[in-house]
Amino acid sequence: MKVLNQLSSGWRRTFPTILQSESSECGLACLAMVASFYGHSVDLRTLRRRFPISLKGLNFSQLMHLATRLKMVSRPLKLDMDGVEHLTLPCVLHWNFQHFVVLVEYRGDSAVICDPAVGQRQISIAELSRCFTGAALELYPDTGFVKKAPAPRVRIRDLMGRTIGLRRSLGQIAFLALAAEMFSLLMPFYVQWIVDRGIPADDKSLIGMLALCFVGMCLLQNGITAARGWMMIHLNTSLGFQWKNGVFAHLLNLPLDFFQKRHLGDVVSRTSAVDSIQKTLTTSFLDAILDGFMAIATGIAMLLYGGTLFIPVALSVSLYVLVRSIVYSYSWAANTEAIVHAAKQNSFFLETIRGIQAISLFGKREERRATWLGMLVNQLNAGLRTERATLIVKNAAPCIFGVERIVTVWWAATLSLEGSITIGVLMGFLAYREQFSGRVQALIDNYFEVRMLRLQGERLADIVYTEQEESDDAADFDLGELHHFNLEVHDVSFRYSRFDRLILEKVSLQVEEGESLAIVGPSGSGKSSLLNLLIGALPPTSGKIMVGGVDIVNIGKKKYRDLVGVVMQDDSLFAGSIADNISFFTESASREDIEQCAKLAAIHTDIMMFPMGYETLVGDMGSTLSGGQKQRILLARSIFKKPKILILDEATSHLDVELEKQVNAAIRSLHITRIIVAHRPETIASADRVVHFVNGRLVESKAVEAPST
């Protein structure tokens, strides 16, 4: 296959990089990298809070504005490839008309860029020429530029949250492990006593007694090791359950725009970092502690046996640490790139499976396969670089310690021949030397593996450190204080970021309790944005929204949403039965309530025609149902909630006229406040009043005339 020829295996220089978490923050990431390069160390979380951006991202002029806020001078340039070598680096480049990267190094025949999407890359001049649009932005510190020390690194303990029994379990496991290791420390003494005392004295009783004692210790060691293993299994299970539960609970409480700005595969990849961190903590971290203890103990024993013999051992350890340190930076960059490419490939894969019908109907299977294959090649290339680093380390260790072993044995044998040490001491020293070398090598390996946890920790921190949507500010509000459910919108304006135009501007309206309001207007006029404000998914830029005379901020999002039933255009059904979806998996739901809601949504007859009735499985995301059936089940789900306010966004667009009339009549019979976004005349006619939006402004409000008979 020709694509196999793309699997590269070349080295490349590492470069510190700040990777974007959101799909549209490449410009912000580039700005963070350049600022950090000049000494103002800042992370993306800080910049994101300070300069929130929308899904549209940033353009050059907005980047320049943010650079000014960071006390940096910006110089925009329009140039061709001949001018690239004259740029002051690092420099922000416009890439493929949809992305920003930082040019770090220009070598004439190649270039090094920091791509916030995947990390540092060495590219050819041909690729640079193909992707560079000709727009560049040089950035320099201004007179008011302030250097800032890097923020404290992510602490694994902070990511774990509250974990019950962790310290106690780790302490018990460490105690058992140390007890088991004591036998390893005593074993060389057994050899020395046999050689130096038992054999010269021809004392069979001493030899037998020593053998019996050490057999007992061996059995005890194995028993302790088995107990430690069982406790480790229990700790892994308990820690995994508590940690994953905490991360998932936190994830569910994040703001909706967190998910809108990220790819699904990337969120899954960041969440799965829990497994990697947990595995390292419960194995490598604990092993590193034990190896450190054993290295110190065996090192002291070696110094007592023969001080000068420790010199080649110490030199070999120093050399191995140097090799691991050199390889670490390269391994970090390769692992980072491999994880990012894997997340991209998984996102593309999931998107392809979700959209397989459209892909098949448009005949784009081969195109999708080719694109996915390119992503897979990028992932494998990064994996090859990671494996190469591992291969170097695996070959360096036996080489370094093998040469050291030969030198140490030669030196010890020479000292023994000279009479400086006995044969027993020689054998004891060499036994301790084997333990020391193995323990030190494992300690160094585990140390760098634990350091590599920071990579997974930073990815998980993007989820754990993001503030949850719901706060306790309104936790004490009692919904019983609301004497009516009039909905009021006062001078509400909204835009997604300070760089975007106003989507809604000075909108004011009032919906009486029990009234039905239809919102109409051309596409892009702000209707759906208003609904997102009304359901609490987005906060208004200015103005306020009130229910029963109380600002919804004071009610609290969770309690406010208890009052509201919603059917949005992109709502989803979940794997389970129709009854489960109507009740939203409420265990205490009665069949009578479920059927009543289905009848109001005009879906009961359809359900009873299915062989399994209400127990019919809806398939993946409702794949076994028609568009109209899904809409009516979603409507039944909202009615089941018994809301005081019902908000519908084109909720009957897939229904025929007669069926829509039935649904509209049923909704009117509920006598609750209803807000409907619609285009079809039949839906609009079912409302009591109509408001018309144009370019984010409410331009008309009128009562609906009763249809003539």
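Computed from a predicted model, the values in this text were never measured in an experiment.

What the protein chain contains, in helices and strands, is 24 helices and 16 strands. For a compact globule of 709 residues, the expected C-alpha radius of gyration is about 27 Å, and the protein chain comes in at 34 Å, more than 25% above that figure. In terms of principal-axis extent, the alpha carbons of the protein chain reach across some 125 × 70 × 55 Å. The 709 residues of the protein chain split such that 48% are buried.

What follows concerns empty space enclosed by the protein. Under the criterion given, the structure shown has three cavities of 30 Å³ or more. Looking at the largest cavity, it is lined by 14 residues, and the ones nearest its centre are Ala 651, Thr 652, Ile 676, Ala 678 and Thr 683. For the lining of the largest cavity, the secondary-structure elements that each account for two or more residues are α23 (657-668) and β14 (673-677). A per-element tally of the lining of the largest cavity places α23 first, with three residues. Its residues placed into classes, the lining of the largest cavity shows six nonpolar, five polar and three charged.

Turning to the packing of aromatic side chains, a few remarks are in order. The tally for this structure, following the rule as stated, stands at ten aromatic pairs. With 5.1 Å between their ring centres and 80 degrees between their planes, Phe 37 and Tyr 38 make a pair best called edge-to-face. Relative accessible area serves as the criterion here: at 47%, Phe 37 is assigned to the partly exposed category. For the ring pair Tyr 447 and Phe 448, a centre distance of 5.2 Å and an interplane angle of 75 degrees mean the geometry is edge-to-face.

With that settled, consider the nonpolar core. Ile 578, Ile 582, Ile 607, Tyr 614, Ile 633, Leu 635 and Leu 648 are the most contacted members of the largest nonpolar core, which has 38 residues in total. Those elements that place two or more of their residues in this core are β9 (516-520), α19 (578-582), α20 (591-600), α22 (627-640), β13 (645-649) and α23. Considering each element in turn, this core owes the most residues, six residues, to α22. Of all hydrophobic cores here, the second largest spans 36 residues; its members include Leu 487, Val 492, Val 677 and Val 691.

Read across the open sheet, the four strands follow the order β8-β7-β10-β11; overall the sheet is antiparallel. Two strands lie at the open edges of the sheet, namely β8 (504-511) and β11 (550-551), each paired on one side alone. Pairing analysis gives five bridges linking strand β7 (residues 487-494) to β8, with the strands arranged antiparallel. From the neighbouring strand, Val 492 faces β8, where its bridge partner is Val 507.

The buried count for strand β6 (residues 132-141) comes to eight of ten residues, which makes it a mostly enclosed element. Sheet analysis places strand β1 (residues 72-78) next to β6, joined by seven bridges and oriented antiparallel. Within the sheet, the bridge partner assigned to Pro 76 lies in β6 and is Leu 137. Looking at chain direction, strand β2 (residues 91-95) and β6 are connected through four bridges and run antiparallel. Counterpart to Cys 91 in the pairing with β6 is Glu 138.

This part is about a nonpolar patch on the surface. A cluster of nonpolar side chains, namely Leu 264, Val 268, Phe 349, Leu 350 and Ile 353, defines an oily patch on the protein surface of about 450 Å² accessible area. Those elements giving two or more residues to the nonpolar patch turn out to be α9 (264-271) and α11 (310-354). Sort the elements by how many residues they give to the nonpolar patch and α11 lands first, with three residues. Within the secondary structure layout, Leu 264 lies in helix α9.

Okay, the packing of α9 against α11 next. For the pair α9 and α11, interaxial distance at closest approach is 7 Å and the crossing angle is 130 degrees. The angle between α9 and α11 places the two elements in the oblique class. The interaxial crossing formed by α9 with α11 has right-handed handedness. Counted together, Leu 264, Gly 265, Asp 266 and Ser 269 of α9 and Ile 339, Ala 343, Asn 346, Ser 347 and Leu 350 of α11 form the full contact between these two elements. A breakdown of the residues in the contact of α9 with α11 according to their chemical character gives four nonpolar, four polar and one charged.

A separate point is helix α15 (residues 453-464). If you check α15, its first and last C-alpha atoms are 15 Å apart, about what twelve residues at 1.5 Å a residue would give, namely 16 Å. Counting buried residues along α15, ten of its twelve residues qualify, which places the element largely inside the surrounding structure. Within α15, the full set of buried residues consists of Leu 453, Leu 455, Gln 456, Gly 457, Arg 459, Leu 460, Ala 461, Asp 462, Ile 463 and Val 464.

Now for the pattern of salt bridges. Counted under the stated rule, the structure contains 24 salt bridges. Between Asp 462 and Arg 270 there is a salt bridge; the shortest N-O distance is 3.8 Å. One end of the pair, Asp 462, is in helix α15; the other, Arg 270, is in helix α9, with 192 residues separating them in the sequence. What makes Arg 270 buried here is its relative accessible area of 6%. Linking Glu 351 and Arg 368 is a salt bridge whose minimum nitrogen-to-oxygen distance equals 3.2 Å. One end of the pair, Glu 351, is in helix α11; the other, Arg 368, is in helix α13 (residues 365-417), and 17 residues separate them in sequence. Residue class for Glu 351 comes out partly exposed when judged on its relative accessible area of 48%. Judged by relative accessible area, Arg 368 falls into the partly exposed class, the value being 21%. Here the salt bridges share partners, and the residues they tie into one network are Glu 22, Glu 25, Arg 48, Arg 262, Asp 266, Arg 270, Arg 459 and Asp 462.

What follows concerns the UniProt feature "domain: Peptidase C39" (unreviewed entry) in the protein chain. Following the UniProt record, one finds the feature "domain: Peptidase C39" (unreviewed entry) at residues 20-139. Helix makes up 30% of residues 20-139 and strand 33%, and the two end C-alpha atoms of the span are 20 Å apart.

In this section: the packing of helix α1 (residues 26-37) against helix α3 (residues 60-69). Relative to each other, α1 and α3 sit at 35 degrees, their axes nearing to 11 Å. For the pair α1 and α3, the crossing hand works out as right-handed. Of the residues in α3, those touching α1 at Gly 27, Leu 28 and Leu 31 are Leu 63, Leu 66 and Ala 67. Along the lines of polarity and charge, the residues of the contact of α1 with α3 split into five nonpolar, one polar and no charged.

So, on to a positive patch on the surface. Together, Arg 50, Arg 69, Lys 71, Lys 148 and Arg 498 make up a region of like positive charge exposed at the surface. With respect to the secondary-structure elements, Arg 498 resides in the loop between β7 and β8. Classification of Arg 498 by relative accessible area gives partly exposed; the value is 38%.

Now for α22. The end-to-end C-alpha separation of α22 is 20 Å, in line with the 20 Å expected for 14 residues at 1.5 Å each. Most of α22 sits inside the fold, with twelve of its 14 residues counted as buried. Along α22, the residues that are buried comprise Gly 628, Gln 629, Gln 631, Arg 632, Ile 633, Leu 634, Leu 635, Ala 636, Arg 637, Ser 638, Ile 639 and Phe 640. Residues of α22 that are buried in the fold lie against β12 (564-567), α19, α20, α21 (604-609), β13 and α23. Downstream of α22 by a residue or two, Lys 642 has a phi angle that is positive, lying close to 55 degrees.

As for its placement among the helices and strands, Ala 177 is situated in helix α6 (residues 166-201). A residue is classified by how much of its surface remains accessible, and Ala 177, at 1% relative accessible area, is buried. Considering only alpha carbons, one finds Ala 177 and Asn 245, 68 residues apart in sequence, at a separation of 29 Å. In this structure Ala 177 touches Arg 228 and Leu 290, once residues within four positions along its chain are discounted.

Scoring rules and cut-offs
Residues numbered from 1 in each chain as written. Predicted model: local features only at pLDDT ≥ 70, side-chain atom pairs only at ≥ 80, totals over all residues. Heavy atoms only, no water. Helix = DSSP H or I, 4+ residues; strand = E, 2+ residues; numbered from the N terminus. Rg over C-alpha atoms; globule rule 2.2 N^0.38 Å. Buried < 20%, exposed > 50% of the residue type's maximum accessible area, 1.4 Å probe, protein only. 1 Å grid on protein atoms, 1.4 Å probe; cavity = no way out; pocket = protein on both sides within 12 Å on 5 of 7 lines; lining within 4 Å. Points joined across faces, edges and corners; volume = space filled by probe spheres on them. Nonpolar A, V, L, I, M, F, W, Y, C, P; charged D, E, K, R; others polar. Phe/Tyr/Trp six-rings, centres within 6.5 Å; stacked < 30°, edge-to-face > 60°. Core = buried A, V, L, I, M, F, W, Y, C linked by side-chain atoms within 4.5 Å. Pairing = 2+ DSSP bridges. Patch = residues over 30% accessible without salt bridge, like charges linked within 9 Å, V, L, I, M, F, W, Y side chains within 5 Å. Areas by Shrake-Rupley, 256 points an atom, 1.4 Å probe, with all protein chains shown as cover. Salt bridge = Lys/Arg side-chain N within 4 Å of Asp/Glu carboxyl O. Axes fitted to C-alpha atoms, helices over the stretch in contact; angles between N-to-C directions. Parallel < 35°, antiparallel > 145°, perpendicular 65-115°, else oblique. Left-handed = near helix turned anticlockwise from the far one by under 90°. Contact = heavy atoms within 4.5 Å. Expected span 1.5 Å × (residues − 1). UniProt positions renumbered as here; feature names shortened; annotations may be inferred. Lys, Arg positive; Asp, Glu negative; His and termini not counted. Charge placed at Lys NZ, Arg CZ, Asp CG, Glu CD.

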